[in-house]
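Listed here are the chains, written in short residue letters.
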Amino acid sequence: MSNIASIEQIQAQVKGFDIPQTLAFLVQQFPGKVTFSSSFSYEDQVITHDILANKLPVSIFTLDTGRMFPETYSVWSSTLNRYNQPIKAYYPDAIHLEQFIEQKGPNSFYESIDNRKSCCHIRKVEPLKRALAGNEVWVTGLRAEHSAARHDLPQFEWDPVNNIIKYHPILYWTTEEVKEYVRKFNIPYNPLHDRGFVSIGCAPCTRAIKPGEDFRAGRWWWEDADKKECGLHEHEKVEELTEK
Ligand code: SF4
């Protein structure tokens, strides 16, 4: 099950379904092979809630880069307390990380794009490949509002890099719809969202944005806008984990 025709079939079959119904259809089609990547963002918390409140057998994982905000670890803990369900964490390969830090230092991502991409590769891209291995569907919290490159994205797409079907359930939700959903179900969320952080990634590489600024201006702000990519979602200019 890895071609465009199959994706079109899925799209036709889930027409009119809400998110839990669509996820239930996917786990029926791909038992044990539907996984969701969470960075504990607003968006990801909506999807986590839909999975865990409906007891859907979708595995949830996060990529712990080791450089996340304390607030992110707090909302991770709150999520475990709220739903009492496991969230698997994937970590960078220790040997590669040790070598990289020894050669380049802990904050070399500020010095060159190559260093930044190497850091993202070790801390995110390689662990992501391990997390996705063996799965057939990757559920993400991407939203079109977050990047011009996402505006034409379909809700289902084939990811040729990771050989997996991607499903973006809340791709076309607005920020207000996400906030309203979080409020309605009292879902734990990262308090950094209340302080101007739209996209929350690693602490040294993420900052709050001002009203009117582009949603992604808070990521790798010291680099040229057209060089902001780290390889998690290859079609995008700017990436977060789970980053949504
Ligand atoms: Fe490293 Fe920054 Fe990429 Fe995180 S976002 S993996 S700290 S370069």
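Worth saying up front: this structure is predicted, and the values here are computed from it rather than measured. (Residues numbered from 1 in each chain as written. Predicted model: local features only at pLDDT ≥ 70, side-chain atom pairs only at ≥ 80, totals over all residues. Heavy atoms only, no water.)

## Section: the packing of aromatic side chains
Thinking step 1. Tallied over the entire structure, the rule returns 12 aromatic pairs.
Thinking step 2. When the ring of Tyr110 is compared with that of Trp222, the centres are 4.7 Å apart and the planes differ by 70°; the resulting orientation is edge-to-face. Taken together, the residues span a long stretch of sequence, with Tyr110 in the loop between helix H5 (94-104) and helix H6 (113-132) and Trp222 in the segment after helix H7 (175-184) at a distance of 112 residues.
Thinking step 3. For Trp222, a relative accessible area of 27% translates into the label partly exposed.
Thinking step 4. Residues Trp173 and Tyr181 carry aromatic rings whose centres are separated by 5.3 Å and whose planes lie at 65° to one another, so their mutual orientation is edge-to-face.
Thinking step 5. Here the aromatic residues Phe109, Tyr110, Trp221 and Trp222 are joined through ring pairs into a cluster of three or more.
Thinking step 6. Note that Lys88 overlies the ring of Tyr90, its terminal NZ or CZ placed 4.9 Å from the centroid.
Thinking step 7. It is Arg219 that lies over the ring of Trp220; its NZ or CZ is 5.1 Å from the centre. (Phe/Tyr/Trp six-rings, centres within 6.5 Å; stacked < 30°, edge-to-face > 60°. Helix = DSSP H or I, 4+ residues; strand = E, 2+ residues; numbered from the N terminus. Buried < 20%, exposed > 50% of the residue type's maximum accessible area, 1.4 Å probe, protein only. Lys NZ or Arg CZ within 6 Å of the ring centre and 35° of its normal.)

## Some details on the sheet that holds strand E3 (residues 88-90)
Thinking step 1. Spatial strand order, E3-E2-E1-E4-E6-E5: 6 strands in an open sheet with mixed pairing. Only two strands of the sheet have a single neighbouring strand rather than two, namely E3 and strand E5 (156-159). Ignoring strand direction, the axes of neighbouring strands in this sheet form an average angle of 30°.
Thinking step 2. Where helix H3 (residues 42-53) meets the sheet, it contacts strand E1 (34-37), strand E2 (59-63) and strand E4 (137-139), and its direction lies at approximately 145° from that of E1. (Pairing = 2+ DSSP bridges. Axes fitted to C-alpha atoms, helices over the stretch in contact; angles between N-to-C directions. Contact = heavy atoms within 4.5 Å.)

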